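Chain by chain, the residues run as shown.
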Amino acid sequence: MKHSFVNRLDIIAARYPAKQLNHSLKLTSKIKLFKRKLSSGHDVSIFQKRGNGLKTIMDKTGRLNDLSGLYVISSSTGEPLILSSSKKVLTDIQKLTRAKRVKDKAVLEKVANYYGFSNYKMGRELLLAMKVNWLEITDKTFRLMLRRAMLAEVKFTL
């Protein structure tokens, strides 16, 4: 049975929201941009230091405010390891490096195991030698789509 063009759009729209259909065209260009940005980045150590609050971190990274989007922490060789999306990226990276939350400790323990160590404290030390970069994405739907597309590129997600 042939469907008219309008009926086909209704079938597609039932599966995907309109925002998602519009963003899927931009997805490949954003992924390419993000992969290029991974080669450069900011040291993770500035997020962990005592006395470095959010204002100091924003000054050192050149941001005027905290942002919502995706961030990737990559090793010193440039291999992307940790991917996460957040409404407040800089705050989330700071909490990860200081290992205050249970989920942060679990990810840091996975990183330590990946490099052959046993506890999360060693994962935190390894994290200090890594680089972090982010991409500002305010739309939640597009942020989730980009995160799903980038899952194949990284080892761990937060």
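Structure: above.
Because the structure is predicted, anything quoted here is derived from the model rather than measured.

Conventions adopted
- Residues numbered from 1 in each chain as written.
- Predicted model: local features only at pLDDT ≥ 70, side-chain atom pairs only at ≥ 80, totals over all residues.
- Heavy atoms only, no water.
- Buried < 20%, exposed > 50% of the residue type's maximum accessible area, 1.4 Å probe, protein only.
- Helix = DSSP H or I, 4+ residues; strand = E, 2+ residues; numbered from the N terminus.
- Pairing = 2+ DSSP bridges.
- Arc of directions from axis to C-beta.
- Contact = heavy atoms within 4.5 Å.
- Phe/Tyr/Trp six-rings, centres within 6.5 Å; stacked < 30°, edge-to-face > 60°.
- Axes fitted to C-alpha atoms, helices over the stretch in contact; angles between N-to-C directions.
- Parallel < 35°, antiparallel > 145°, perpendicular 65-115°, else oblique.
- Nonpolar A, V, L, I, M, F, W, Y, C, P; charged D, E, K, R; others polar.
- Core = buried A, V, L, I, M, F, W, Y, C linked by side-chain atoms within 4.5 Å.
- Polar contact = N/O pair within 3.5 Å; in protein donor to acceptor, adjacent residues only side chain to side chain.

## Comments concerning the pairing of strand E2 (residues 69–74)
Summarising burial for E2: 6 of the 6 residues are buried, a large majority. The loop that links E2 with its antiparallel partner strand E3 (residues 80–86) comprises 5 residues; one of these, Gly78, has a positive phi angle of about 95°.

## As for the pairing of E3
A large share of E3 lies buried, amounting to 7 of its 7 residues. Sheet topology places E2 next to E3; 6 bridges connect them, and they run antiparallel. By the bridge assignment for E3, Val72 is matched with Leu83. Across 2 bridges, E3 lies against strand E5 (residues 156–157) in parallel orientation. By the bridge assignment for E5, Leu83 is matched with Thr157.

## Remarks on the sheet that holds E2
Pairing within the open sheet is mixed, and its 5 strands lie in the order E1-E4-E2-E3-E5. Across the chains shown, the open sheet's two edge strands, defined by having one partner strand only, are strand E1 (42–43) and E5.

## Considering helix H4 (residues 54–61)
Within H4 the residues assigned to the buried category are Ile57, Met58 and Thr61. Along the axis of H4, the buried positions cluster into a sector of 100°, meaning they face one direction only. Residues of H4 that are exposed and angled more than 90 degrees away from the buried face: Lys55 and Asp59. Against E1, helix H3 (45–48), helix H5 (89–98) and strand E4 (131–136) lie the buried residues of H4. Immediately downstream of H4, the backbone of Gly62 shows phi near 85°, a positive value.

## So, the packing of aromatic side chains
Taken as a whole and judged by the stated rule, the model has 3 aromatic pairs. With centroids separated by 5.2 Å and ring planes inclined at 80°, the aromatic side chains of Tyr114 and Tyr115 adopt a geometry described as edge-to-face. By relative accessible area, which is 36% here, Tyr114 ends up partly exposed. Measuring from centroid to centroid gives 5.9 Å for Tyr114 and Phe156, while their planes differ by 85°, and the two rings are edge-to-face.

## A short note on the packing of helix H6 (residues 102–114) against helix H7 (residues 120–127)
Running from N to C, H6 and H7 point in directions that differ by 80°, and their axes come no closer than 7 Å. Put simply, H6 runs roughly perpendicular to H7. Of the residues in H7, those in contact with Lys105, Leu108, Glu109, Val111 and Ala112 of H6 are Tyr120, Met122, Gly123, Arg124, Leu126 and Leu127. Each residue belonging to the contact of H6 with H7 can be placed in one class, and the counts come to 7 nonpolar, 1 polar and 3 charged.

## Quick look at the nonpolar core
Counting 24 residues, the largest nonpolar core has Tyr71, Ile73, Ile82 and Trp134 as its most contacted members. Of all the elements in the fold, those that place two or more residues in this core are H3, H4, E2, E3, H5, H6 and E4. At 4 residues, the largest contribution of residues to this core is made by H5.

## Some words on the side chain of Ser85
Secondary-structure assignment places Ser85 in strand E3. Among the polar contacts listed, one links the side chain of Ser85 to the side chain of Arg147, at a separation of 3.4 Å. The residues touching Ser85, leaving out its near neighbours within four places in the chain, are Gly69, Leu70, Arg143 and Arg147.

By themselves, these are just geometric observations and shouldn't be taken as functional.
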